[in-house]
Amino acid sequence: MKYCSGCGAELIDEAVVCIKCGRSAVTNATPQVAGTVNTNDAPNFGFAILGFLFPIVGLILFLVWNNSSPKKAKSCGKGALTGFIIQIVFSVIYMIAFFGIVMSGMNSFL
């Protein structure tokens, strides 16, 4: 007996379509057993640094690899999020310093 990959219903071996959900019961690829580890998927510090330096690249890589390599995707996502937050903090500090200098210059001008 085999089971539907969509709803989990029990199917006969010759079934082409699930009678409950209508999903195709024919698969060309071998099914991945739950709990198996993708040996090519591992956290990568290099991708985290890339995401930190270029957050938009890290976000794109996160979205592309999210299903196929979740550990690499998580590294890219963490780097991108950290880089984005650091850029925001430095931008706020820069704006505060810039307006402080401009305002002190205007006070001495008046």
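Computed from a predicted model, the values in this text were never measured in an experiment. Residue indices begin from 1 for each chain and proceed along its sequence in written order. A pLDDT threshold of at least 70 governs which residues receive local features in this predicted model, and a stricter bar of 80 or more applies before side-chain atom pairs are shown or counted, although totals over entire chains, interfaces and linings include all residues. Note: side-chain values were computed over all heavy atoms of the structure, leaving out hydrogens and water.

Numbering of helices and strands runs from the N terminus, with a helix taken as a DSSP run of H or I at least four residues long and a strand as a DSSP run of E at least two residues long. Along its length, the protein chain carries 3 helices and 2 strands. Its helices and strands taken in sequence order, the protein chain reads β-β-α-α-α from the N to the C terminus. Relative accessibility under 20% of the residue-type maximum defines a buried residue, over 50% an exposed one, and the middle range a partly exposed one, all with a 1.4 Å probe and only protein chains included. Evaluated residue by residue, the protein chain yields a buried proportion of 19% over its 110 residues. Only heavy atoms enter the contact rule, under which two residues are in contact if any of them lie within 4.5 Å. Looking at the protein chain alone, contacts between residues at least 24 apart form 35% of all its contacts between residues at least 6 apart. Surface exposure here means Shrake-Rupley accessible area, sampled with a 1.4 Å probe, where a residue is shielded only by the protein chains that are shown. Summed over its atoms, the accessible surface of the protein chain is roughly 8700 Å², and 69% of this surface lies on carbon and sulfur atoms.

For Phe, Tyr and Trp, rings pair up if their centres lie within 6.5 Å, where Trp contributes its six-membered ring, and each pair is then called stacked (planes under 30 degrees apart), edge-to-face (over 60) or tilted (otherwise). A full pass over the atoms with the stated rule returns 3 aromatic pairs. A centroid spacing of 4.9 Å and a plane angle of 75 degrees characterise the contact between Phe47 and Trp65, whose relative ring orientation is edge-to-face. Taken together, the residues span a long stretch of sequence, with Phe47 in helix 1 (residues 45–53) and Trp65 in helix 2 (residues 55–65) at a distance of 18 residues. Exposure remark for Phe47: the relative accessible area of 24% places this residue in the partly exposed category. Relative to Phe98, the ring of Tyr94 lies with its centre 6.2 Å away and its plane at 20 degrees, an arrangement referred to as stacked. Pair noted here: Tyr94 and Phe98 are both in helix 3 (residues 70–109), with a separation of 4 residues, about one helical turn. Given a relative accessible area of 39%, Phe98 falls into the partly exposed group. Through pairs of rings, three or more aromatic residues link up here, namely Tyr94, Phe98 and Phe99. Put simply, a charge is over a ring when the Lys NZ or the Arg CZ is close to the ring centre, within 6 Å, and near the line of the ring normal, within 35 degrees. The aromatic ring of Trp65 is capped on one face by Lys72, whose charged end is 5.6 Å from the ring centroid.

Residues enter a nonpolar core if they are buried and are Ala, Val, Leu, Ile, Met, Phe, Trp, Tyr or Cys, with the set joined through side-chain atoms within 4.5 Å. In terms of nonpolar packing, the biggest core is built from 6 residues, these being Cys4, Ala9, Leu11, Ala15, Cys18 and Ala25. Setting aside anything within four residues of it in sequence, one finds Cys18 in contact with Cys4, Cys7, Ala9, Leu11 and Arg23.

Take Phe62: it is sitting in helix 2. Between the C-alpha atom of Phe62 and that of Phe47, which follows or precedes it by 15 residues, the distance is 9.9 Å. Each residue touching Phe62, except ones within four places of it in the same chain, is listed here: Ala73, Lys74, Cys76 and Gly77.

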